[in-house]
Amino acid sequence: MLIVGELKFLKTHRKTIVTGHYGSGKTEFSVSLAMLLANKLSSANAALADSPYHRLALIDLDIVNPYFRSREQRELLENAEIRVYGSMYETEITAELPALGATVRTPLEDKNCRVIVDLGGNDTGALILNQFKKYFIDGESEMLAVINANRPETATVNGVLEHLSAIETATGIKVSKIVNNTHMLQETTADDIFKGNELCKKVSKVLDIPILCNCYPSRIVDETELTELPEHLLPLGLYLRPTWLDKT
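Since this is a predicted model, take the numbers as computed values, not measurements.

Quick look at the nonpolar core
Ile17, Ile59, Leu61, Phe136, Leu164 and Ile178 are the most contacted members of the largest nonpolar core, which has 32 residues in total. Elements with a contribution of two residues or more to this core: strand 2 (55-60), strand 4 (113-118), strand 5 (141-147), helix 5 (157-171) and helix 6 (190-207). Excluding anything up to four places from it in sequence, isoleucine 178 contacts Ala145, Leu164, Cys200, Val203, Ser204, Ile209, Pro210, Ile211, Leu212 and Cys213. One finds Val18, Ala34, Ile116 and Val146 within the second-largest nonpolar core, a separate group that totals 24 residues.

Observations regarding the state of the cysteines
Tallied over the entire structure, the rule returns 0 disulfides. You can see cysteine 213 has no disulfide; the closest cysteine sulfur is in cysteine 215, sitting 4.2 Å from it.

Considering the environment of valine 146
Looking at the secondary structure, you find valine 146 in strand 5. With a relative accessible area of 2%, valine 146 lands in the buried category. Between the alpha carbons of valine 146 and serine 30 there is a distance of 9.8 Å; along the sequence they are 116 residues apart. Excluding residues within four positions of it along the chain, valine 146 makes contact with Val18, Thr19, Gly20, His21, Ser24, Gly25, Lys26, Phe29, Val179 and Asn181.

Focus: the environment of proline 210
If you trace the backbone, proline 210 turns up in the loop between helix 6 and strand 7 (211-217). Apart from the residues within four sequence positions on either side, proline 210 is in contact with Ser176, Lys177, Ile178 and Ser204.

Digging into the sheet that holds strand 5
Strands sit in the order 3-2-4-1-5-6-7-8 across an open sheet of 8 strands; the sheet is parallel. On the outer flanks of this sheet lie strand 3 (82-85) and strand 8 (233-236), each paired with one strand and no other. Shown here is a sheet whose adjacent strand axes are inclined to one another by a mean of 25°, direction ignored. Its contacts with the sheet put helix 5 on strand 1 (15-20), strand 5 and strand 6 (177-180), and the angle it makes with strand 5 is roughly 150°. Against the sheet, helix 6 makes contact with strand 5, strand 6 and strand 7, and its axis sits at roughly 165° relative to strand 7, the strand it touches most.

Remarks on the packing of aromatic side chains
Taken as a whole and judged by the stated rule, the model has 0 aromatic pairs. The aromatic ring of phenylalanine 136 is capped on one face by lysine 15, whose charged end is 5.9 Å from the ring centroid.

Some remarks on the pairing of strand 6
Within a regular beta strand, the side chains point alternately toward one face of the sheet and then the other, so they alternate between its two faces. On strand 6, burial covers both faces: Lys177 and Val179 on one face and Ile178 and Asn180 on the other are all buried. As defined by bridge partners, strand 5 adjoins strand 6 across 4 bridges and the pair is classed as parallel. Directly across from alanine 145, in strand 6, lies its bridge partner isoleucine 178. Taken together, strand 5, helix 5 and strand 6 constitute a β-α-β crossover, and its handedness is right-handed. By the bridge criterion, 3 bridges tie strand 6 to strand 7 in an arrangement that is parallel. Note on strand 7: the bridge partner recorded for asparagine 180 is asparagine 214. Crossover connection from strand 6 via helix 6 to parallel strand 7: handedness right-handed.

Some remarks on the side chain of threonine 16
Examined against the element boundaries, threonine 16 turns out to sit in strand 1. Of note is the side chain of threonine 16, whose polar atom sits 3.2 Å from the side chain of arginine 114. With residues up to four places along the chain from it excluded, the contact list for threonine 16 reads Arg114, Val115, Ile116, Val117, Glu142 and Leu144.

Quick look at the environment of histidine 163
Mapped onto the elements, histidine 163 comes out in helix 5. In this structure the C-alpha to C-alpha distance between histidine 163 and isoleucine 147, which are 16 residues apart in sequence, comes to 10.0 Å. Among the polar contacts made by the side chain of histidine 163, one reaches the main-chain amide nitrogen of histidine 21 at a distance of 3.3 Å.

Side note on the pairing of strand 7
Counted residue by residue, strand 7 has 7 buried out of 7 residues, so it is predominantly covered. In this structure, strand 7 lies alongside strand 8, joined through 4 bridges in parallel fashion. Bridging across to strand 8, cysteine 215 finds its partner in leucine 234.

The rules behind each value
- Residues numbered from 1 in each chain as written.
- Predicted model: local features only at pLDDT ≥ 70, side-chain atom pairs only at ≥ 80, totals over all residues.
- Heavy atoms only, no water.
- Core = buried A, V, L, I, M, F, W, Y, C linked by side-chain atoms within 4.5 Å.
- Buried < 20%, exposed > 50% of the residue type's maximum accessible area, 1.4 Å probe, protein only.
- Helix = DSSP H or I, 4+ residues; strand = E, 2+ residues; numbered from the N terminus.
- Contact = heavy atoms within 4.5 Å.
- Disulfide = S-S within 2.5 Å.
- Pairing = 2+ DSSP bridges.
- Axes fitted to C-alpha atoms, helices over the stretch in contact; angles between N-to-C directions.
- Phe/Tyr/Trp six-rings, centres within 6.5 Å; stacked < 30°, edge-to-face > 60°.
- Lys NZ or Arg CZ within 6 Å of the ring centre and 35° of its normal.
- Right-handed = clockwise from strand over helix to strand, strands pointing away.
- Polar contact = N/O pair within 3.5 Å; in protein donor to acceptor, adjacent residues only side chain to side chain.

The structure is reproduced here in structure tokens:
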């Protein structure tokens, strides 16, 4: 179970880039992480009193994929005091247009702002990061790779390694941690998450980088089924899932 004090393991860097293949759930992870941090940082918990960051922001740089975009949840995020940056258009009808606003650099330059960057899902989508690269080579940044072992492209160690290599080549930035987010949407079971953990452990060993956490959909899988996992557990809120997908 992810408890308040354990959130310190998520605060090692001011700027966190989140990447992952299409279908990995990287945007769901980005939004859930932002909401968790907002909920905990807004509390009076003494374990978080030493945080140097007084503001939270989410930058949506995924301008290639027209589906499940973090900027679609602008109202939800901003009601939680998480400022959303990305598209220069703020209405849903224009949210799919690949046009970045000029204010994207604002949170990157704000030393008191914790920033989560939702990056494009493949090496082509990741190229956009290059125009902001100077903000991610200063020791304040990390890049997380979200892995779904149920996706054909990242179902094997070699598949994951090829994907991460393509992202690193496109951005010139090394992946520093991996996130297990193995799922089958509403059909996700604890077995899926254990399966993903095994794959991530192999990738972790090859690349010599740690597993940050194992994600689980909190409304579908009970955390008590995952107590044998050694790494931190991070519950996902399924904020991006349209309700019409659950209708029969």
